[in-house]
Amino acid sequence: MTTPAANPEHPGQPQAGPNYHYLGLPGAAAILTKASEETYANLHTTLRADNGRGAIMCVHGGVGLGKTFAVNSHLDDLAPHNTLRIKLSSSKIQALRAALYKKLDLPGQAPANSTRCETMIKEDLSETSRVLVVDEAQWLDTRAFEFIRELWDDEDTRLAVVLVGAESTYQKIKNRPALDSRILVWQRYKPLTPSEVLTVIPQYHPLWAAVPTDDLLWIDDLACHGNFRQWAKLTYLITEAQGGLEPGAGAPPQGRGPSAFAPRPAYSRDLVRAVLSRLDPTQRHAD
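Residues numbered from 1 in each chain as written. Predicted model: local features only at pLDDT ≥ 70, side-chain atom pairs only at ≥ 80, totals over all residues. Heavy atoms only, no water.

S.K.: Help me understand the side chain of serine 73 in this model?
M.R.: Within the secondary structure layout, serine 73 lies in helix H2 (residues 67–78). Judged by its relative accessible area of 8%, serine 73 falls in the buried class. At 2.8 Å, the side chain of serine 73 and the backbone oxygen of phenylalanine 69 are in polar contact. (Helix = DSSP H or I, 4+ residues; strand = E, 2+ residues; numbered from the N terminus. Buried < 20%, exposed > 50% of the residue type's maximum accessible area, 1.4 Å probe, protein only. Polar contact = N/O pair within 3.5 Å; in protein donor to acceptor, adjacent residues only side chain to side chain.)

S.K.: Can you help me understand the side chain of aspartate 215 in this one?
M.R.: Of note, aspartate 215 is situated in helix H9 (residues 213–224). In terms of polar contacts, aspartate 215 uses its side chain to reach the side chain of arginine 269, at 3.0 Å. The contacts of aspartate 215, once residues within four sequence positions are left out, are Tyr267 and Arg269. (Contact = heavy atoms within 4.5 Å.)

S.K.: I would appreciate a short explanation of helix H10 (residues 228–241) in the present structure.
M.R.: Two residues of an α-helix separated by three or four positions point the same way, owing to the 3.6 residues in each turn. Here H10 is 14 residues long and its end C-alpha atoms lie 20 Å apart, about the 20 Å a rise of 1.5 Å per residue gives. Those residues of H10 not exposed but buried are Phe228, Trp231, Ala232, Leu234, Thr235, Tyr236, Leu237, Ile238 and Thr239. Buried residues along H10 sit against helix H8 (194–204), H9 and helix H11 (269–279). Where H10 starts, the residue carrying a side-chain oxygen 2.9 Å from the main-chain nitrogen of arginine 229 turns out to be asparagine 227. A positive phi of about 75° marks glycine 243, the residue just after H10. (Expected span 1.5 Å × (residues − 1).)

Shown next as structure tokens:
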């Protein structure tokens, strides 16, 4: 998706970075899809808007389509040292304040006094340019959205904001005109098209490199529907069934599971059907 930085200890080899792939899938590659390429361009615009002060953008769409992966991977390239990533499990502003306070590495616990806490956050954000990524933004309530707007509006802060959320994020923000009017760029993620599946999935993981195109379209139509996370789960389980995961990554306890000397199943539609029955117990397959 982006070009990895050079590794100073081993010249010529890429610098190892965070594994953003679902389940940390071994062997998975970062692929520059049309959507992720658009995300890179949108981030570039957002970070450099207003003479580098930064703007606000929103990336929204269905779950498992690669939104967060693209944003995180590209920001490793565009803003590797000043990105603050927050993923919330609560809609309340208290959770947002506390998470941001911690990400900024401010002293102690976030003050219970909201005014004091917000003042300390704004003071820190005024010292250097930052990029704030808020994942699962669809969970934010009105006050939390307003707090993000206030942080960006503050004349002393230098803050670009990237809101990443489910399909419903679009309407939630549209219902808040003050925030909506400040968003510079919108991007909606959609499932991969069949032609994109044929281009992207063979590059995504070695498992699919030699699989016939008819099989890839059959799998996508049957189970994955252009959804990267579904492809990742299927890839993980087939790789496990073939004994291809690293030690400790899903291997059965010693003395249990298939014998180490049992033949590893080759790729086949029957193997795909067997694995799909683990993803969907209503899926029929041959024994």
